[in-house]
Amino acid sequence: MSPSTDMLKLLPALPCDVEGPVFREPWEAQAFALAVDAHAKGLFTWSEWATALSAQIRAAQLAGDPDTGETYYQHWLATLEGLTISKGATSLADLKQVQSAWDRAARATPHGQPIVLENDPLAS
Amino acid sequence: MRALETVLLAKGYVDADALDLIVETYETKIGPRCGAQVVAKAWVDPAYKQRLLADGTSAVAELSFAGRQGEHLKVVENTDAVHNLVVCTLCSCYPWPVLGLPPVWYKSAPYRSRAVIDPRGVLADFGVTLPSDKTIRVWDSTAEIRYLVLPQRPAGTEGWSEDRLAELVTRDSMIGTGLPQSVGAGA
């Protein structure tokens, strides 16, 4: 069974429309989907997720984040990073390495072309 | 973000097709109109309304809006005496499957803190002024339980179809920061 059929079952196509934007930028929707799918595939339970996200947001507030909604998905992403590492799905070192590869790829990609990881000059 | 996605994809913890589908689903397929259909049905069908208030989760599932986030849904009814307002003071728990993704203001700290301390002021910011003798009940969502407000049916809608009624139900009216459109005001 293809994963998309699987997901369709979980999320029935509903006769609905949408009132206004719910993500400020596309990457927020992507970050949202990452967590939902990682949860669906069993990386963490939903209550683990909620607990970690709450803690992340509280920590950010204590650190002086005005927390007006604009930074919400940054917290979301940081939470996902933390859980991914604490669950042993990756290590901080591995994650940093891939981050650097993306950075190098972005710099090596001519303006106007899509950035892909293969553009990393250090990629073998 | 891209690094995290790359790692999760490589290890099989997420799947590219599934990601696209989720984004697409929540962006275009699931929205506040699902909740509006639930509300409209409750307005015309007293038996459904009873089931909805008794067990929101099952009653919403009857309309096939099942979902990972709507599992424990409690529906709270607005009456002449009580207005309900939903907030999540900790993070921003929200009934996605029925309402779509939360609006940015719902996730903001000012809304989260003020809704509890000064609900009347928050409502005023949203342009909602309630009689001073009306009780405002604030419901704080958690990871386990989400709330959906069942607004009052607008006057002058006797005999309307569910679909027509659903048009009047705004997203904000189901969070409690708004009221349904009145007859003649909207679409």
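Here the structure is shown first, and the text comes after it.
Right, let's walk through the structure included here. (Residues numbered from 1 in each chain as written. Chains lettered and ligands numbered in written order. Predicted model: local features only at pLDDT ≥ 70, side-chain atom pairs only at ≥ 80, totals over all residues. Heavy atoms only, no water.)

## A closer look at the packing of aromatic side chains
This structure, assessed with the given rule, holds ten aromatic pairs over all chains. Their ring planes at 40 degrees and their centres at 5.7 Å tell us that Tyr106(B) and Tyr111(B) sit as a pair that is tilted. Exposure class is identical for Tyr106(B) and Tyr111(B). Each is buried. An aromatic cluster of at least three residues, connected via ring pairs, comprises Phe32(A), Phe44(A), Trp49(A), Tyr73(A) and Trp76(A). A cation sits over an aromatic face here: Lys41(B) above Tyr48(B), 5.2 Å from the ring centre. (Phe/Tyr/Trp six-rings, centres within 6.5 Å; stacked < 30°, edge-to-face > 60°. Buried < 20%, exposed > 50% of the residue type's maximum accessible area, 1.4 Å probe, protein only. Lys NZ or Arg CZ within 6 Å of the ring centre and 35° of its normal.)

## Observations regarding the environment of Pro154(B)
Residues and elements named next belong to chain B. In this structure, Pro154 sits in the loop between strand E4 (146-150) and helix H9 (162-166). For Pro154, a relative accessible area of 11% puts it in the buried group. C-alpha of Pro154 to C-alpha of Ser182: the two residues are 28 residues apart in sequence and 5.8 Å apart in space. Apart from residues no more than four positions distant in its own chain, Pro154 is found in contact with Trp43, Leu168, Pro180 and Gln181. (Helix = DSSP H or I, 4+ residues; strand = E, 2+ residues; numbered from the N terminus. Contact = heavy atoms within 4.5 Å.)

## Focus: the nonpolar core
Nonpolar side chains in soluble globular proteins tend to end up buried together. With 75 residues, the main nonpolar core has Phe32(A), Trp49(A), Trp76(A), Leu80(A), Leu52(B), Trp96(B) and Tyr111(B) as its most contacted residues. Ranked by residue count, the leading element in this core is helix H2 (residues 26-40) of chain A, at eight residues. (Core = buried A, V, L, I, M, F, W, Y, C linked by side-chain atoms within 4.5 Å.)

## A few points about the side chain of Lys41(B)
Examined against the element boundaries, Lys41(B) turns out to sit in helix H3 (residues 32-44). Not counting the four nearest positions on each side in its chain, Lys41(B) is found in contact with Tyr48(B), Leu63(B) and Glu162(B).

## A word on helix H5 (residues 92-108) of chain A
Look at H5(A): 24 Å from first C-alpha to last across 17 residues, which is about the 24 Å you get at 1.5 Å a residue. Looking at the buried residues of H5(A), the elements they touch are helix H4 (72-86) of chain A together with helix H1 (2-10) of chain B. (Expected span 1.5 Å × (residues − 1).)

## Quick word on the pattern of salt bridges
One pass over the structure, following the stated rule, counts nine salt bridges over all chains. Asp37(A) is the salt-bridge partner of Lys41(A), the closest N and O atoms lying 2.7 Å from each other. Take Lys41(A): its relative accessible area is 35%, and that puts it in the partly exposed class. Note that Asp118(B) is salt-bridged to Arg114(B), the shortest N-O span being 3.4 Å. Several salt bridges share partner residues, and in doing so they unite Arg114(B), Asp118(B) and Asp125(B) into one network. (Salt bridge = Lys/Arg side-chain N within 4 Å of Asp/Glu carboxyl O.)

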